[in-house]
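Per-entry structural report
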Amino acid sequence: ETGVTQTPRHLVMGMTNKKSLKCEQHLGHNAMYWYKQSAKKPLELMFVYSLEERVENNSVPSRFSPECPNSSHLFLHLHTLQPEDSALYLCASRAGLNTGELFFGEGSRLTVL
Amino acid sequence: QQPVQSPQAVILREGEDAVINCSSSKALYSVHWYRQKHGEAPIFLMILLKGGEQKGHDKISASFNEKKQQSSLYLTASQLSYSGTYFCGTEGSNDYKLSFGAGTTVTVRA
């Protein structure tokens, strides 16, 4: 139990569906991250938010749309995905940018058919 | 600019030692080490900050050579619980990208 909760844990969607992944932390952290973890590939940084402001978009396709309504919640909106987007999506939070360690959620396993 | 980890995998017997290396092509502010077991979230092990320090966590320790932009993780007298995939993450002074290496899979056998 890291204090970071992700829902849903598993998601199967078609290429034309719209779905969202949710991440929640009540650790009082100010920075939140989305990472993509595919089989046999490094963890890929997708987005970084600090105090609800996006500070990093690591060349992620527009079919992934992040939203950070407050410092405790982070969403990843998914639209018109491709089968190669199937992966484990990990959310993490941190006290601040360049401050302390990452606390990871258990991830949302996404399968795109 | 993701760091490069080596080796990709290592198999140990209980009580044996191992070293995992992590190198970066950019000037580093910090190096993080995490361990992930199958089906679980990565768990933090330690952070090393610019300054060339060495840290320890039980029988797992690490060093950071900022001049060479390298870090090493040392697993000493390995236990079965050390099995998992170890990731190094690196961060520059002026960026917010905590980028990870491909991971090193460690298997400890009785």
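These notes cover the structure that comes with them. (Residues numbered from 1 in each chain as written. Chains lettered and ligands numbered in written order. Predicted model: local features only at pLDDT ≥ 70, side-chain atom pairs only at ≥ 80, totals over all residues. Heavy atoms only, no water.)

Right, let's get into the sheet that holds strand β8 (residues 73-79) of chain A. Residue and element names in this part refer to chain A. Ordered in space as β1-β3-β8-β7, the four strands form an open sheet in which the pairing is antiparallel. Strands with a single pairing partner mark the edges of an open sheet, and in this sheet they are β1 (4-7) and β7 (64-70). Neighbour-to-neighbour, the strand axes of this sheet turn through a mean angle of 20 degrees, independent of strand direction. Bridge count for β7 against β8 is five bridges, and the pairing is antiparallel. Bridge pairing links Glu-67 to Phe-75 in β8. (Pairing = 2+ DSSP bridges. Helix = DSSP H or I, 4+ residues; strand = E, 2+ residues; numbered from the N terminus. Axes fitted to C-alpha atoms, helices over the stretch in contact; angles between N-to-C directions.)

It is a general feature of regular strands that their side chains alternate between the two faces of the sheet. Residue and element names in this part refer to chain B. The buried fraction of strand β9 (residues 84-91) is high, at eight of eight residues. Relative to β9, strand β4 (residues 30-36) runs antiparallel, the two sharing seven bridges. Bridging from a neighbouring strand, Tyr-34 pairs with Phe-87 of β9. In this sheet, strand β11 (residues 104-109) lies alongside β9 in antiparallel orientation, the contact comprising three bridges. Within β11, the position partnered with Thr-85 by the bridge is Thr-105. Sheet analysis places β9 next to strand β10 (residues 99-100), joined by two bridges and oriented antiparallel. Its bridge partner lying in β10, Gly-89 is registered against Phe-100. (Buried < 20%, exposed > 50% of the residue type's maximum accessible area, 1.4 Å probe, protein only.)

On to the interface of chain B and chain A, then. Counting residues at the interface gives 22 residues for chain B and 24 residues for chain A. Counting the surface lost from both chain B and chain A, the interface buries some 1800 Å², and carbon and sulfur atoms represent 60% of this. For chain B, the biggest contributors to the area lost against chain A are Tyr-96, Lys-97 and Phe-100 of chain B; these three give 31% of the whole. The interface formed by chain B and chain A includes two salt bridges. Taking the shortest distance from any N to any O, the salt bridge between Arg-94 of chain A and Glu-91 of chain B comes out at 2.7 Å. The tally of links between chain B and chain A comes to eight residue pairs in polar contact (both at pLDDT 80 or more). When the residues that make up the side of chain B that touches chain A are grouped by side-chain class, the tally is 12 nonpolar, seven polar and three charged. (Contact = heavy atoms within 4.5 Å. Buried area = accessible area lost by both parts, 1.4 Å probe. Salt bridge = Lys/Arg side-chain N within 4 Å of Asp/Glu carboxyl O. Polar contact = N/O pair within 3.5 Å; in protein donor to acceptor, adjacent residues only side chain to side chain. Nonpolar A, V, L, I, M, F, W, Y, C, P; charged D, E, K, R; others polar.)

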